[in-house]
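Take a look at the letters that make up each chain.
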Amino acid sequence: MRNINKKIYFIQQGVYSSEASMKENTSKLAHYTYEKIGDKYYVYACFTKESDNINIIKKYFDSINYSIYAKEMNVNNEQFINVLEQYDYLLSAVENPETIKNVCKQIVTKYEEMVLSD
């Protein structure tokens, strides 16, 4: 598998100054991943390549009282990018909040499996 450098949107739920604060403030999320940079915890609740999907994701997170921020970042894993394109297609075709929640959960799980464990 070759590595590529692609920009995607990291759907950031928040930035926390402690792991305890992060866990307390993410209790209603179906699944998330985080990275620690310095002394801050950056929480990501979904990923997308498509800017049109940001509004779909935002509407869902607003409905469960979470603000999100879409942040462009690079990912160097072609396999994950290909999987993300399939999930993006699903996201663009659904409106049901439970389905959106489950798609985001699957995307985060695939990100952890394919990118973080790489």
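Everything here concerns the structure above.
Residues numbered from 1 in each chain as written. Predicted model: local features only at pLDDT ≥ 70, side-chain atom pairs only at ≥ 80, totals over all residues. Heavy atoms only, no water.

(A) Region of interest: helix α4 (residues 97-116). End to end, α4 covers 27 Å across 20 residues, agreeing with the expected 28 Å (1.5 Å per residue, within 8%). Of the residues making up α4, those classed as buried are I100, V103, C104, I107, V108, Y111, M114 and V115. Mapping the buried residues of α4 onto a view down its axis gives an arc of 150°, with all of them on the same face. Tucked into the core, α4 has its buried residues touching β1 (6-16), β2 (33-37), β3 (40-48), α2 (51-63), β4 (69-75) and α3 (78-93). Where α4 begins, the capping side chain belongs to N96, and its oxygen is found 2.7 Å from the backbone nitrogen of E98. (Helix = DSSP H or I, 4+ residues; strand = E, 2+ residues; numbered from the N terminus. Expected span 1.5 Å × (residues − 1). Buried < 20%, exposed > 50% of the residue type's maximum accessible area, 1.4 Å probe, protein only. Arc of directions from axis to C-beta. Contact = heavy atoms within 4.5 Å. Polar contact = N/O pair within 3.5 Å; in protein donor to acceptor, adjacent residues only side chain to side chain.)

(B) Region of the structure containing the side chain of T48. Relative to the elements of secondary structure, T48 occurs in strand β3. Reaching out from T48, the side chain makes a polar contact with the backbone nitrogen of E50 at a distance of 3.1 Å. Side chain to side chain, T48 and D88 meet in a polar contact 2.4 Å long. Apart from the residues lying within four places of it in its own chain, the contact partners of T48 are I8, Y9, I11, N53, I54, I57, L84 and D88.

(C) Quick look at α2. When α2 is considered as a whole, its buried residues turn out to be N53, I54, I57, Y60 and F61. Around the axis of α2, the buried residues are gathered within 130° of arc, so they sit on the same side. Pointing more than 90 degrees away from the buried face of α2 are the exposed residues D52, N55 and K59. Tucked inside the fold, the buried residues of α2 contact β1, β3, β4, α3 and α4. One or two residues past the end of α2 sits N65, with phi positive at roughly 65°.

(D) Main features of the sheet that holds β4. Overall, antiparallel pairing links the four strands, which are arranged β2-β3-β1-β4 in an open sheet. The two strands at the open ends of the sheet, each matched to only one other strand, are β2 and β4. Put simply, the sheet's adjacent strands are angled 45° from each other on average, direction ignored. In the sheet, β2 pairs with β3 via five bridges, with the strands oriented antiparallel. (Pairing = 2+ DSSP bridges. Axes fitted to C-alpha atoms, helices over the stretch in contact; angles between N-to-C directions.)

(E) Looking closely at the pairing of β1. Counting buried positions along β1 gives eight out of 11 residues, so the element sits mostly inside the fold. Where β1 and β4 come together, seven bridges link them in antiparallel fashion. Bridge pairing links F10 to K71 in β4. Across seven bridges, the pairing between β1 and β3 is antiparallel. Across the sheet, Y16 pairs through a bridge with Y41, a residue of β3.

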